[in-house]
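Letter by letter, the chains look like this.
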Amino acid sequence: MWENVEMISQSLLVPGLLPRASGVTNVTNSQELRDDLYQRIAAEMNLSETAFITRVNPSENFTTGSRFRLRWFTPTTEINLCGHATLASAAVLFKHKKNVNPNLVFETRSGDLAVTQQGEGYVMDFPLNPPTQEDANDFRDVIKAAVGNHPIQDVYLCAQTKKLLVRLSDSCDRSVLTSLKVDPVALQRSETSGRVKGLIITMKGSPEIQPGYDFYSRYFAPWNGVPEDPVTGSAHTVLGSYWSNKLGKNKMLAYQCSSRGGELQLEVRPDGRINIFGESVTVLQGTITL
């Protein structure tokens, strides 16, 4: 039996910065595909994440519906939350499917996620995931594998997302973060307890220097098949909580310092949620026949 899956590849854009890509597929048949097919398509796409959108109400389509199911797969596994692929999914519906609704809601493993158009971009309403402070000695192997002998200031863990946050000392220059050479194989081998599925390395920014970044970060997830993610919305649900408390501010400008990095505008809300703003551009469109 032949099934068609519409594939639109999207990437997040920040002015003056290189884009990062994610694959978005609209499943055009009336039923979801098998999980193994989702995974095989994601492996073939070989991007950090591939998103799959399906209709909630069969009587509605991608133009009229306001609620959709959304799943994300890395090349090796399904994950619980992904920022850039959520943004790209909304952009596909708004731009290419001419969705008539002012905002869209995606039913996901992380609950309902709303995306609203704002100017040329989109605002994502995500859960805030506060981390708790940990003893650095409990994670000395993974810290050593990631930052070597560079001094660290804080170690926090978000048990909900299994993301470990390591803050470099304020004595470190930004070049320390950008020049880190993290071996994904060694990093994965250094932590096998299952407590950690992603590593955030972060440091205080330079808000007094334009454009005024409040903090910097990089994100590594070899446990989920992603050696390093260029820009990571889900990591900023943890970073936003951490830095909001440390800096005493709710609105922040962040920069993820990968080789294809980008900036994120964040707003931590009093209701325990976080708004993440981003833009998108289409780079490829086609159909996959299964």
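Not measured: the values here are computed from a predicted model. (Residues numbered from 1 in each chain as written. Predicted model: local features only at pLDDT ≥ 70, side-chain atom pairs only at ≥ 80, totals over all residues. Heavy atoms only, no water.)

**Observations regarding the overall build of the protein chain**
Applicable threshold: Segments assigned H or I by DSSP are reported as helices when at least four residues long, segments assigned E as strands when at least two residues long, and all are numbered from the N terminus. Note on classification: 1.4 Å probe, protein chains only; a residue is buried when its accessible area is under 20% of the maximum for its type, exposed when over 50%, partly exposed between these limits. By definition in these notes, contact holds between two residues if any of their heavy atoms fall within 4.5 Å. A 1.4 Å probe and the Shrake-Rupley method give the accessible areas. Residues count as covered only by the protein chains that appear here.
In terms of regular secondary structure, the protein chain is built from six helices and 18 strands. A total of 290 residues make up the protein chain; the buried ones form 56% of that total. Within the protein chain, contacts between residues at least 6 apart in sequence are counted, and of these 65% link residues at least 24 apart. Per element, the accessible surface of the protein chain, about 12,900 Å² overall, is 47% carbon and sulfur.

**A closer look at the pattern of salt bridges**
What counts is decided by this rule: Here a salt bridge means any side-chain nitrogen of Lys or Arg lying within 4 Å of a carboxyl oxygen belonging to Asp or Glu.
Under the defined criterion, the tally for this structure stands at 16 salt bridges. In this structure, glutamate 78 engages arginine 109 in a salt bridge whose closest nitrogen and oxygen atoms are separated by 3.2 Å. Of the two residues, glutamate 78 is situated in strand β5 (residues 78-79) and arginine 109 in the loop between β6 (103-108) and β7 (111-118); the sequence distance between them amounts to 31 residues. For glutamate 78, a relative accessible area of 16% translates into the label buried. According to the relative accessible area criterion, arginine 109 is exposed, its value standing at 51%. With its nearest N and O atoms 3.9 Å apart, the salt bridge here joins arginine 167 to aspartate 154. Remark: aspartate 154 occurs in strand β10 (residues 152-158) and arginine 167 occurs in strand β11 (residues 163-168); sequence separation between them is 13 residues. Here aspartate 154 falls in the buried class, since its relative accessible area comes to 9%.

**Here we look at the confidence of the model for the protein chain**
Put simply, the test is: A score between 0 and 100, pLDDT records how confident the predictor is in each residue.
Considering every residue of the protein chain, the mean pLDDT works out to 88; 89% of them sit at 70 or more. Contacts for the low-pLDDT stretch residues 1-5, under 50 throughout, to residues beyond four places or in other chains number 22 contacts. Scored below 50 in pLDDT, residues 7-21 shows 72 contacts in the model against residues more than four places distant or in partner chains.

**Describing the pairing of strand β14 (residues 226-229)**
As a reminder of what qualifies: Note on pairing: two strands pair once DSSP finds at least 2 bridges between them.
Bridge count between strand β13 (residues 215-221) and β14: two bridges; the pairing is antiparallel. Looking at β14, one finds that tyrosine 219 is bridged to aspartate 229. Where β13 hands over to β14, the hairpin turn is made up of four residues, of which glycine 225 adopts a positive phi near 80°.

**Considering the packing of aromatic side chains**
To keep things clear, this is the line we draw: Each Phe, Tyr or Trp ring (for Trp, its six-membered ring) is paired with any other whose centre lies within 6.5 Å, and the angle between the two planes then decides the class: stacked below 30 degrees, edge-to-face above 60, tilted in between.
Considering all chains together, one arrives at eleven aromatic pairs under this definition. Between phenylalanine 68 and phenylalanine 106, the aromatic rings sit 6.5 Å apart at their centres with planes inclined by 40°, giving tilted as the arrangement. Linking phenylalanine 68 in strand β4 (residues 67-73) with phenylalanine 106 in strand β6, this pair joins segments that are 38 residues apart in sequence. By relative accessible area, phenylalanine 68 is classed as buried at 1%. The class of phenylalanine 106 is buried, set by a relative accessible area of 0%. Chaining the aromatic ring pairs together yields one cluster made of Tyr156, Phe215, Tyr242 and Trp243.

**Here we look at the nonpolar core**
Defined as follows: To define a nonpolar core, start from buried Ala, Val, Leu, Ile, Met, Phe, Trp, Tyr and Cys residues and group those joined through side-chain atoms within 4.5 Å.
Core analysis: the largest hydrophobic core is formed by 44 residues, its most contacted members being Trp72 and Phe106. By residue number, the principal contributor to this core is helix α2 (residues 83-96), which donates six residues. Phe139, Val196, Leu199 and Tyr216 belong to the second largest nonpolar core, which has 27 residues in total.

**Remarks on the side chain of arginine 218**
Definition in use: Under this definition, polar contacts are N or O atom pairs within 3.5 Å; protein pairs additionally need one hydrogen-donor-capable and one acceptor-capable atom, and for neighbouring residues in sequence, both atoms have to be side-chain atoms.
Residue position: arginine 218 is located in strand β13. When its relative accessible area of 7% is taken as the criterion, arginine 218 is described as buried. A polar atom in the side chain of arginine 218 sits 3.4 Å from the backbone oxygen of threonine 178. Dropping the residues within four chain positions of it, arginine 218 is found in contact with Leu177, Thr178, Ser179, Leu180, Leu199, Ile200, Ile201, Glu228, Gln256, Cys257 and Ser258.

**As for the layout of surface pockets**
Put simply, the test is: Think of a 1 Å grid over just the protein atoms. A cavity is a set of points where a 1.4 Å probe fits yet cannot get out, a pocket is an open set with protein on both sides within 12 Å along at least five of seven lines, and lining residues have an atom within 4 Å of a point. Grid points are joined across faces, edges and corners, and a volume is the space filled by probe spheres set on the points. The residue classification treats Ala, Val, Leu, Ile, Met, Phe, Trp, Tyr, Cys and Pro as nonpolar and Asp, Glu, Lys and Arg as charged. All others, Gly included, are polar.
The volume enclosed by the largest pocket comes to roughly 510 Å³. Residue lining of the largest pocket: 28 residues in total, with Ile79, Asn80, Leu81, Thr161 and Lys163 positioned closest to the centre. For the lining of the largest pocket, the secondary-structure elements that each account for two or more residues are β5, α2, β13, β14 and α6 (233-247). Ranked by the residues each element gives to the lining of the largest pocket, the list is headed by α6, at three residues. Taken together, the residues of the lining of the largest pocket sort by class into eight nonpolar, 13 polar and seven charged.

**A closer look at the environment of asparagine 101**
Looking at the element boundaries, asparagine 101 is found in the loop between α2 and β6. When its relative accessible area of 19% is taken as the criterion, asparagine 101 is described as buried. Contacts of asparagine 101, omitting those with residues within four sequence positions, involve Thr63, Thr64, Gly65, Ser66 and Phe94. Within the local environment of asparagine 101, its side chain forms a polar contact with the backbone oxygen of threonine 64, the two atoms lying 3.1 Å apart.

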